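Structural overview
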Amino acid sequence: LRTLPRRRHLGPPQNPPMAPCDLRRTRRDWLHTAAAFALAGPLTGCGSSGSDGPPTRSWRMGFSGLPPRPTVNDVIQTIDLWSARGEVAAIHEELPWNDLLAGMTPQAILQRDKVGLVDYYRGKGHQLMFMADLTDGLSRADEAPQLRTLGRSLAEPAVQQAARAYIVAVAQMLKPEYLGLAAETNLIRAAAPAALYAALKQTANAAAADVRAAGYGGTLFASVQVETAWGVLGGNGPFVGIALDRADFGFMQMLGLSSYPYFSWSTPENIPADYYTRLQQGSSNPLPATVVEGGYPTQGATTTRV
């Protein structure tokens, strides 16, 4: 687990959100791995039941169930190891478009893929962060891979409705304390066709209204890509900021940060001290912030990023 970097939360101590962990380079390969073990058999006697006591830090820490190898035992061991150190379980994934557009109900999909996993997390006393990623998590210029294969688009009203129905089901069945409705919005705006960004904006805002109408009372958020906001993802500045993201996704109660500084800074020591806080400097309504994905690798890693 050495390569799963921790994330620090920089928000206010009186209401500290989590800082989930994610291994971005292999996200799509592992999307269903963490859910699969819940169907493999009883989940009793699997190890630690959580932290030994309340955290002494003013911020919360969270992790995903992504294992070093795709086996049931490694998934369980991974969760058990970080459960003694974190408070929040993170699920960040692209939507199951194939099943949704084939007519399978969101409730049936979640019952099959997620309920057992989330029950396991809840049994350990964890809160839940769920990010519904509406586009390609590894290539922000593109539609989600399953949509491309199907020849479909998020711009279609029927596809948007399927996404909204799935997100409402997530809110009602999994009851995440933190619900993300759009990931890396500024990078999508910079890299994707204008029509795809417009569809993302429309779907996320409509989903926010849907879940509130359905009685969801948790924290809604979207994430921005920090290196893009600084103008250093494949460039040398200038600083761009996130004012447009705040305006376009006005439902945000928390700001998610996607931060992979090794793409732009040769060593951690070179990262500016205000690397996260500058994004909200001058805002009349700064939000609690949480690093929802990213990190700095302990070993060599590619710096290719789209």
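Above: the structure in question.
What counts and what doesn't
Residues numbered from 1 in each chain as written. Predicted model: local features only at pLDDT ≥ 70, side-chain atom pairs only at ≥ 80, totals over all residues. Heavy atoms only, no water. Axes fitted to C-alpha atoms, helices over the stretch in contact; angles between N-to-C directions. Helix = DSSP H or I, 4+ residues; strand = E, 2+ residues; numbered from the N terminus. Parallel < 35°, antiparallel > 145°, perpendicular 65-115°, else oblique. Left-handed = near helix turned anticlockwise from the far one by under 90°. Contact = heavy atoms within 4.5 Å. Nonpolar A, V, L, I, M, F, W, Y, C, P; charged D, E, K, R; others polar. Phe/Tyr/Trp six-rings, centres within 6.5 Å; stacked < 30°, edge-to-face > 60°. Lys NZ or Arg CZ within 6 Å of the ring centre and 35° of its normal. Polar contact = N/O pair within 3.5 Å; in protein donor to acceptor, adjacent residues only side chain to side chain. Pairing = 2+ DSSP bridges. Core = buried A, V, L, I, M, F, W, Y, C linked by side-chain atoms within 4.5 Å. Buried < 20%, exposed > 50% of the residue type's maximum accessible area, 1.4 Å probe, protein only.

1. Thoughts on the packing of helix 4 (residues 106–113) against helix 7 (residues 157–173)
Two elements in contact, helix 4 and helix 7, have axes separated by 9 Å at closest approach and are oriented at 50°. The angle between helix 4 and helix 7 places the two elements in the oblique class. In the packing of helix 4 onto helix 7, the handedness of the crossing is right-handed. For the pair helix 4 and helix 7, contact is made by P106, Q107, I109, L110 and Q111 and by A165, Y166, A169, V170 and M173, respectively. Here the residues of the contact of helix 4 with helix 7 are counted per class, giving eight nonpolar, two polar and no charged.

2. Here we look at the packing of aromatic side chains
Following the criterion strictly, the structure yields 11 aromatic pairs and no others. Each member of the aromatic cluster is reached from another via a ring pair, and the members are W230, F239, W265, Y275 and Y276. Above the face of the W59 ring, R57 is positioned so that its terminal group lies 4.9 Å from the ring centre. Taking NZ or CZ as reference, R278 lies 5.0 Å from the ring centre of W230, over its face.

3. Quick notes on the side chain of S83
Mapped onto the fold, S83 is located in helix 2 (residues 72–83). Polar side-chain contacts of S83 include one of 2.6 Å to the backbone oxygen of I79.

4. Regarding the sheet that holds strand 5 (residues 219–225)
If you walk across this open sheet you meet the seven strands as 1-2-3-4-5-6-7, and the pairing is parallel. Sheet topology places strand 1 (62–64) and strand 7 (289–294) at the edges, where each strand pairs with a single neighbour. Neighbour to neighbour, the strand axes of the sheet diverge by 30° on average, direction disregarded. Here five bridges tie strand 6 (residues 254–259) to strand 7, and the two strands are oriented parallel to one another. Bridging across to strand 7, S258 finds its partner in E293.

5. Brief notes about the nonpolar core
It is characteristic of soluble globular proteins that their nonpolar side chains tend to be buried jointly. Within the largest apolar cluster, 69 residues are counted, with the highest numbers of intra-cluster contacts made by W97, L179, L181 and F251. No other element matches the nine residues that helix 7 contributes to this core. Setting aside its immediate chain neighbours within four residues, W97 contacts L134, A144, Q146, L147, L150, L154, V159 and A163. Residues V88, M129, F221 and V292 belong to the second largest nonpolar core, which totals nine residues.

So far we have only geometry, and geometry alone does not tell us how the molecule works.
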